[in-house]
Amino acid sequence: MNLLYKLSIRFLLILITCDSYAQVIAPVDSGGGGVPAGPMDELTPAQQNAIQKAIDKNIDSLGLTPSGQQLLPPALIWPLQPAPGNTDPGYCGISNYIDRNPAFPNQLQDYNCGTRTYDLSSGYNHSGTDIYLWPFPWYQMDNNLVQVIAAAPGTIVYKSDGNFDRNCGFNNNNWNAVYVQHSDGSVAWYGHLKTGSLTTKAIGQTVVAGEYLGVVGSSGSSTGPHLHFELRSNTNTTLDPWNGPCNTNASLWANQEPYYVSKLNKLMVGKSAASYPACPTQELPNIASQFCQGNTIYCTASYRDQQNGQQVLHKLIQPNNVVWQQWTQTFTTYYSGSWWWYSWVLPSSPLTGTWKYQIIYQGVTSETTFNVSTNVTAGISITRTPSGAVCAGSSATFNSSVTNPGLAPAYQWKKNGANVGTNSSTYTTTSLLNNDVVNCTLTSNANCVTNSPVVSNSLTVTVSPNVTPAVSITKSPAGNRCKGSAITFTPTPTNGGATPAYQWKVNNINTGTGNSLVTSTLNHGDSVKVIMTSNASCVTSATATSNTITAPVYACSISLLLKTIIEGLYDGGTDSMIAAIDPINLPQLSDSLTIFLADSASLNLVSSSTKALSRTGEALFTFSGLIPGNRYYIVARHRSTIETWSKHSMLFPNEFPQFDFSTP
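Okay, so let's go over this structure. What you see is a predicted model; the values in this text were computed from it and never measured.

1. Here's the deal with the pairing of strand β2 (residues 29-35)
- The buried fraction of β2 amounts to six of the seven residues, a majority that puts the element mostly inside the structure.
- Sheet analysis places β2 next to strand β19 (residues 335-345), joined by seven bridges and oriented antiparallel. Looking at the pairing, Gly32 lines up with Trp340 of β19.

Structure, rendered in structure tokens:
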């Protein structure tokens, strides 16, 4: 028996006027409904007795003695208040007052002699005031939007919590409740509270009027979220706080509200009508604040205690304060709670900016605002750094350039169609392979975007293999060289790139740069190498060092001290032979000796030196133009006719110092 959701749907007669259009435009659709009777509840006699015993026990143990004073009017404030941040003009309605007629069933009389109450065939006569949440009771409960507060100061004498709070019908479940005793001994019962929302104050602690006690729920025997507020005297009799024709006692409210409170509870716009699923599923208000050209807008107003014959003036007002649409709604029946919506299609070229949905009901003007924008398209393009070929294993970053992404866009990068990367405007990777294809999908949350998601251009990646630079050097001419002669060293690069750079080194000292080294200043044993800096792509190292060439550089000339035995004269004084060639003592007998070097390969005489022998048979012969590494015969020619060759050729210059012609 969930009367809260037995909504009566009616389409009302509407008068449409339009200040900014010549023709009359009707809404696309309209609908809504009402609550003929709101939530109800029941406390079994056993439950009531158990609660009263617990209250009496605690009062005795706390030593609370009633002052004997009656609760004098005005005494009670309204027991509900909106939670901080809840700015709706209304949040509740009254479904039931106290049934003052003890007979049953269906023998009903409230304080105003009306029938806004109920009794049951079990004998239960409603003994409190049921204040239900409206227009979204489960949404309001789940979001703690309405708080229960103490209607008067007093002492907490009992409370119960932890009971199931999403009931939709009569049952024997216990409720969550707080019970506060006032100074005159009367006790206020606050029932059906949300589990876990009760005040942290303990039994015996005091509260002041307006102090938080809990959140409205639907615990216990209840057909929907509401507060059952009940007041009992110190003798456990029901006190009716409402003054009216059928209760002439003074009102116990500080400001008693009228029997009917016709007012707007909520005004909203959305992109669809609100949804009221089956109890206890939370309602969907479907509120929106941003709209686009050509959108359908749903204008919804929720009321408390709408009366037959009442009228509501609705207006949709453009940013320039010109009324775009205006219509009048006439109520044809009574509902304690109702909601009505109208849908309109916004212009294809609307005035952009802040619009207003405004209603005038019961002399009160209320309005809510929404924004209208023109449609936009999202776009995305991607580039890559580096833009050319990528080296295997190196890092590449893909960057996106977007238009109309919104405040919280979503990015999904893809490589060869598979998702990669994170939700970021860039994607960096070191695992690219040749011919991989990368693109990105942008999901824009920009207002009025018409093409989201959108896919970027695709980039096909060229991945080059890594290479190792190397260099070797050769010299020209090859072989040994004479000191002072020019030698050219030439590099042979591998993976050097189009324009490699060279640093030549002689004995590890920088000597020159360029594509070759030409030098005539080397000494024998000098080492030559080059360091190449490659400008090729994807090299594993920037530089490479060549082989080392040790220069075989020689003087290419040599002086030989030769000693020979030739025909001579007998020296009677010393009894020894002396050389016949003696240009100083015996110049008339002076003679000379010519020594030739003959190439061992061709036997050609290539160098000669003529010297006069000393008295001891020695002479220093000098030769030039020799080639290191060649072999030469030593040829002695005496008086230009007598010629003697060495038995073996000698390697120049290594073996020459070892030759001694004085040895027979």
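What follows continues from the structure just given.
2. Notes on the state of the cysteines
- This structure, assessed with the given rule, holds four disulfides.
- A sulfur-sulfur separation of 1.8 Å characterises the disulfide bridge that pairs Cys113 with Cys246. Across the disulfide from Cys113 to Cys246, rotation about the S-S bond amounts to roughly 110 degrees, and the bridge is consequently right-handed. With Cys113 in the loop between β4 (92-96) and β5 (129-133) and Cys246 in the loop between β13 (238-239) and β14 (263-270), the pair connects residues that are 133 residues apart, well separated along the chain.
- Among the residues examined, Cys113 registers a relative accessible area of 41% and is labelled partly exposed.
- Classification of Cys246 as buried rests on a relative accessible area of 18%.

3. Considerations on unusual backbone geometry
- Look at the link from Trp134 to Pro135: it is a cis peptide, with omega at 20 degrees.
- Positionally, Pro135 belongs in the loop between β5 and α2 (137-142).
- Pro453 follows Ser452 through a cis peptide bond whose omega is 0 degrees.
- Its place among the elements puts Pro453 in the loop between β28 (437-443) and β29 (454-455).
- Its identity as a non-glycine residue notwithstanding, Asn236 has a phi of 65 degrees, on the positive side.
- Within the secondary structure, Asn236 sits in the loop between β12 (226-232) and β13.
- For Asn236, a relative accessible area of 34% puts it in the partly exposed group.

4. A closer look at the sheet that holds strand β3 (residues 80-82)
- The sheet built from three strands is open, its strands ordered β3-β6-β11 with antiparallel pairing. Unpaired on one side and paired on the other, β3 and β11 (212-215) mark the two borders of the sheet. Pairs of neighbouring strands in the sheet enclose a mean axial angle of 35 degrees, with direction left out of account.

Rules of the game
- Residues numbered from 1 in each chain as written.
- Predicted model: local features only at pLDDT ≥ 70, side-chain atom pairs only at ≥ 80, totals over all residues.
- Heavy atoms only, no water.
- Buried < 20%, exposed > 50% of the residue type's maximum accessible area, 1.4 Å probe, protein only.
- Helix = DSSP H or I, 4+ residues; strand = E, 2+ residues; numbered from the N terminus.
- Pairing = 2+ DSSP bridges.
- Disulfide = S-S within 2.5 Å.
- Axes fitted to C-alpha atoms, helices over the stretch in contact; angles between N-to-C directions.

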